[in-house]
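# Structural features, examined
Given next are the chains, with one letter for each unit.
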Number of protein chains: 2
Amino acid sequence: MAQTRRGFLRNVGITGGAGVMFHTMGALGLAPAASAETPPFSPLDRDALNGRGKRHVIVMGGGIAGMTAAYELLKGGYSVTVLEGRSRPGGRNWTVRGGDTYTDMSGQTQRAGFSKGQYMNAGPGRIPQMHVTLDYCKELGVPIEVFTNQNADAFLYRENVPGSLNGVPVRQRAVKADVHGYTAELLAKATDQGALDAELTATDKEALIAYLRSFGAINSSNEYVGGGRRGYDPQPGAHLEAGTTLPPYEVSDLFRSTLGNYFSFEMGFDQAMMMYQPVGGMDRIAYAFAAAIGARNFRYNAEIVDYQNTTDGVEVVYRSPDGPKRITGDFAVNTMPPHIAAKVRSNLPAEIVTALGSVSRTNAGKIGIEYDRRWWEEDFRIYGGITNANTNIGNMWHPSYGYHGDRGTMIGYYNTGANANFYGALTPAQRLEEAVRQGRKIFGDVYGTGITGSFSQDWASAKFSEAAWVGWPTAVGGRTGTAYRSLLGATRNIYFAGDHLSHAIAWQHGAMTSARATVQQIHERVTAG
Amino acid sequence: MAQTRRGFLRNVGITGGAGVMFHTMGALGLAPAASAETPPFSPLDRDALNGRGKRHVIVMGGGIAGMTAAYELLKGGYSVTVLEGRSRPGGRNWTVRGGDTYTDMSGQTQRAGFSKGQYMNAGPGRIPQMHVTLDYCKELGVPIEVFTNQNADAFLYRENVPGSLNGVPVRQRAVKADVHGYTAELLAKATDQGALDAELTATDKEALIAYLRSFGAINSSNEYVGGGRRGYDPQPGAHLEAGTTLPPYEVSDLFRSTLGNYFSFEMGFDQAMMMYQPVGGMDRIAYAFAAAIGARNFRYNAEIVDYQNTTDGVEVVYRSPDGPKRITGDFAVNTMPPHIAAKVRSNLPAEIVTALGSVSRTNAGKIGIEYDRRWWEEDFRIYGGITNANTNIGNMWHPSYGYHGDRGTMIGYYNTGANANFYGALTPAQRLEEAVRQGRKIFGDVYGTGITGSFSQDWASAKFSEAAWVGWPTAVGGRTGTAYRSLLGATRNIYFAGDHLSHAIAWQHGAMTSARATVQQIHERVTAG
């Protein structure tokens, strides 16, 4: 236990409130300005280039990083051209709606069969409240609503685990009540027995026991015997209906099931509630960026095949529906996934190409399954949230929109790594079949009933992505190694940006902050001297 | 620990999923049908009274219980008249908007100064996902959205507590990370030292330690040293910005501060996320009920002054803008708060009047404070949720609607009991002044800046309510005593309904289920024999 006294902060906190305290923390070198490794971003203003003439920046890729760069450069009076291989903006920020067609790299074509108003976010689906993604939603006028990342009434499911909870779908609230209850009981007993006398004073022990009573809902004998936190069936209601609870799961079964380990998820820095999503689909952000950038600055269906540093700028060649095109600019911001940037022809130095190619790729998969009724609300009283399984489906998302509507679209699996690859190797029809087979283990027959549409995405086989996200292996020094660092500045006139060059990989926040850092670098260079 | 094996349920669960399991639980007498004390409700159909002639039911009170009763009776072909003292439907379900005026029982008048689109729910504000309240939202076409009952980035504040956290506003995520971390560390140490060898087998201990590593984010030496769960400042971002964490609070300070005890709240049966609210204000439910019941069946401004059982029905006298009126019916459903029902003139038997008057009353207060900017989002990155203090304000609600808008309305206090009475004794201006004084301790100067409107409600001084809710004291046997039970059936032709006659007191669910039970009783009587 870190026994760091912070008396000064405490005193400031007492007299001035958190606003003052945060400010003071900055002055003390504990908060943003002083300790940030990457300088805070200040948007360019329209006079930023005054007297220096127009600069043209080619933005390679119209995903979130590319569009953030273009959008911020335009604010400062730069001219930009965004080259995007796909026929839509957003990259991995992609919302699939009824009628959308998609062909993966193996040539399989799907047509999403969703009804009007139904959609799935095939890529990012949730926004933590501290991410700059929300700032862009505000600035671009994209309305937001809650993304339900946690729900006490959603299920957990573990199979191939020891004990009687093997293969039993259980409500999250019941598991949480029990693991907290037993943890409190065991710690209270150990404390009472003097096992922690070396660690705790008598006063501390008293405070700890009081906390454990509250935390674990243990009784005055420090025993956990279940209770209302676990849920009722029937629930409390009229007249004499006090509600009926079921007894707790057995302590041994419970801990050996690993069910309780799920709750570390909801405490994660970037997964703890509250979380948000754009109303109507994550791509509302992508389309708002694209509209702000302007169609005249955007080339869709522009697959980059060659990019070069030239004496005084950059030159990029791309395929277009009208044949190959060549474009020149003063600078380029290369936001292509690094493993793709590495294999497209260029005159980048060999060590830069090696650095780009040194990333490890992670796959992720999702399936959207539309049903003709919202059985998770109607039959199970689950309004949003995530049901989690240790099977190949990983996570199911109960939708965070359209409550009480006629239809609804579950995310039947959101998984990564080997599970994503497993589904990716199947045909779309097989993916649905397997997802339904797994879902039935948790929700029963209803999971296979009334399906009116589906769509599945495998990011490893998605052209222009070829992965869900990438990482920086320890072998190349992670995010402090030479490979990573070599991409943080300019390679002559070419800059790199994307979530892969951030500490928020796989989040739009990473793409946005990386793009902002690049905009800052370009502008400092242009205005230097 | 209850060591109840449930092998059969387990086996059913394995093969059939939860749907099958729940069904089987019913068959085993563990679930609704068999164990319910109050029979499940089946709505009446339009032929329910076939051949029995029209029956007229006087519904005394147009709150949620009264309107549920009227609405369900109308489905079965009954004629109803709802008598409501106020000029609006809903009772304690009340949404205050700009321009609304209100006079309390001491004669103080307020005019709410909120801007267009801003509102506060002066009464109920949140709906658990399992409550029938949501079923009525669906049936009545009232759209719902998430109520943010939990937010890792909202604050906790404790003063007059021992240790260095006294008077320091802290983020909930930091407190939770620390109390879970220390709890895990202490229990892991005790387990390693053999303190629990009598309780746990070697296998169990191993499973427990694995759980504690996940739960508490303790390291491989079973030590808690803080980490990202607590939050970052600055947060992880572009390039080399890995984020900076602050060290954990001291274990002794932390437990003695009682801060961690707050987290029992979010595990409560009816407080755990997800929760919901009607879009646009809780009174959307009240107005939807009123519209479904029909204006011709509703008398507003109808203060009941006398109600009597007669030989073949009931007779009710009420004040109206046109002078006193008398109305007769076959039955009455009396949904007035019991302490008011007891003091209005009637010919109820003395023991019934005594029973009605035997409740204990709880007060609750709320203040809505509108600001000209959403500083909690902009300055603190708090999007919804509850900031909780052990001062007289109790709870502050960050609004669950209007994210990113120009203005926003905080609930500056939601408190009960002595704190509510303290504010209730102040003038509205004094309430605002005190709420701001307390809020500044947590949020600093911003809490007193840019206030553009406010409104405060004290339920004890609200005519037709005279309390926020009531309870059944142990002295009269609680909800198993004679007093309570005497109100569950008919007193000749008069029935009683309301959340006070349920095990969901202070929830609309209690009012609704109680009203449904009464409708069932009336209809059984009418159709008997």
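About the criteria used
Residues numbered from 1 in each chain as written. Chains lettered and ligands numbered in written order. Predicted model: local features only at pLDDT ≥ 70, side-chain atom pairs only at ≥ 80, totals over all residues. Heavy atoms only, no water. Least-squares fit on C-alpha atoms with pLDDT ≥ 70 in both. Contact = heavy atoms within 4.5 Å. Buried < 20%, exposed > 50% of the residue type's maximum accessible area, 1.4 Å probe, protein only. Helix = DSSP H or I, 4+ residues; strand = E, 2+ residues; numbered from the N terminus. Phe/Tyr/Trp six-rings, centres within 6.5 Å; stacked < 30°, edge-to-face > 60°. Lys NZ or Arg CZ within 6 Å of the ring centre and 35° of its normal. Salt bridge = Lys/Arg side-chain N within 4 Å of Asp/Glu carboxyl O. Polar contact = N/O pair within 3.5 Å; in protein donor to acceptor, adjacent residues only side chain to side chain. Nonpolar A, V, L, I, M, F, W, Y, C, P; charged D, E, K, R; others polar. Pairing = 2+ DSSP bridges. Axes fitted to C-alpha atoms, helices over the stretch in contact; angles between N-to-C directions. UniProt positions renumbered as here; feature names shortened; annotations may be inferred.

As recorded by an unreviewed UniProt entry, chain A carries the name Flavin monoamine oxidase family protein and is attributed to Nocardioides vastitatis.

Our focus in this paragraph is the relation of the copies chain B and chain A. If you rotate chain B by 180° and push it 0.0 Å along the axis, it lands on chain A with an RMSD of 0.0 Å. Such a combination of turn and shift is consistent with a two-fold rotation axis. Among all C-alpha atoms of chain B, that of Leu187 of chain B lies closest to the rotation axis, at 2.7 Å. With an isologous cut-off of 70% or more, the 100% of interface residues of chain B that recur at the interface of chain A puts this contact in the isologous class.

Another aspect to go through is helix α4 (residues 132-140) of chain B. All names here are of chain B. When α4 is considered as a whole, its buried residues turn out to be Val132, Thr133, Leu134, Tyr136, Cys137 and Leu140. The elements touched by buried residues of α4 are α3 (64-75), β7 (127-128), β8 (144-147), β11 (275-278), α8 (283-293) and α15 (508-527). Residue Gly141 follows α4 closely and has a positive phi angle near 75°.

A full pass over the atoms with the stated rule returns 71 aromatic pairs over all chains. Taking 5.5 Å as the distance between ring centres and 70° as the angle between the ring planes, the aromatic pair formed by Trp397 of chain B and Tyr414 of chain B counts as edge-to-face. Taken together, the positions of Trp397 of chain B in strand β21 (residues 395-398) and Tyr414 of chain B in strand β22 (residues 408-416) put the pair 17 residues apart, joining distant regions of the chain. For the pair formed by Trp397 of chain B and Tyr414 of chain B, the shared burial category is buried. An aromatic cluster is built from Phe155, Tyr371, Trp375, Trp376, Phe380, Phe443 and Tyr447 of chain A, whose rings are joined through pairwise contacts. The ring of Phe263 of chain A is capped by Lys176 of chain A, whose NZ or CZ atom sits 5.4 Å from the centre of that ring. For the cation-ring pair, Arg230 of chain B lies above Tyr249 of chain B, with the distance from its terminal atom to the ring centre recorded as 4.7 Å.

Attention now moves to the interface of chain B and chain A. At the junction of the two partners, chain B supplies 133 residues and chain A supplies 133 residues. Where chain B touches chain A, the interface holds eight salt bridges. The tally of links between chain B and chain A comes to 46 residue pairs in polar contact (both at pLDDT 80 or more). Of the residues that constitute the side of chain B that touches chain A, the class distribution is 65 nonpolar, 42 polar and 26 charged.

All names here are of chain A. Spatially, the seven strands line up as an open sheet ordered β10-β9-β20-β21-β22-β19-β23, and their pairing is mixed. Only two strands of the sheet have a single neighbouring strand rather than two, namely β10 (170-171) and β23 (451-458). Where helix α12 (residues 417-424) meets the sheet, it contacts β19 (364-371), β22 (408-416) and β23, and its direction lies at approximately 120° from that of β22.

A few words on the sheet that holds strand β7 (residues 127-128) of chain A. Ordered by their spatial adjacency, three strands build an open sheet running β7-β11-β8 (chain A), and the pairing between neighbours is antiparallel. The open sheet is flanked by β7 and β8 (144-147) of chain A, the only strands paired with a single partner.

Okay, the pattern of salt bridges next. Evaluation of the coordinates by the stated rule reveals 58 salt bridges over all chains. A salt bridge links Asp306 of chain B to Arg345 of chain B, with the shortest nitrogen-to-oxygen separation between them at 3.6 Å. With Asp306 of chain B in strand β13 (residues 303-310) and Arg345 of chain B in strand β17 (residues 345-346), this pair connects stretches of sequence that are 39 residues apart. Through salt bridges with shared partners, one network takes in Lys138 of chain A together with Arg373, Glu378 and Asp379 of chain B.

Quick look at the UniProt feature "domain: Amine oxidase" (unreviewed entry) in chain A now. Residues annotated in UniProt with the feature "domain: Amine oxidase" (unreviewed entry) correspond here to residues 64-522 of chain A. The span residues 64-522 of chain A is 29% helix and 22% strand, and its two end C-alpha atoms sit 18 Å from each other.

Residue and element names in this part refer to chain A. Here Ile64 is to be found in helix α3 (residues 64-75). Along the chain, Ile64 and Arg86 lie 22 residues apart, while their C-alpha atoms are 13 Å from each other. Those residues in contact with Ile64 that lie beyond four places of it in its chain are Gly90, Asn93, Ile285, Gln508, Ala511 and Met512.

Residues and elements named next belong to chain A. Across the two faces of strand β11 (residues 275-278) the burial is the same, with Met275 and Gln277 and Tyr276 and Pro278 all buried. Note: β7 against β11, two bridges, orientation antiparallel. The residue bridging Ile127 from the neighbouring strand is Tyr276, located in β11. Where β8 and β11 come together, four bridges link them in antiparallel fashion.

The residue after Met273 of chain A, namely Met274 of chain A, is reached through a cis peptide bond having omega 5°. Inspection of the secondary structure assignment puts Met274 of chain A in the loop between α7 (251-257) and β11. In this structure, Asn301 of chain B is a non-glycine residue whose phi angle is positive, near 50°. Tracing the sequence through the fold places Asn301 of chain B in the loop between β12 (298-299) and β13. A positive phi angle, close to 55°, is found at Arg381 of chain B, a residue other than glycine. The residue Arg381 of chain B is located in the loop between α11 (375-378) and β20 (385-389) in this model. Residue classification places Arg381 of chain B among the buried residues on the basis of a relative accessible area of 17%.

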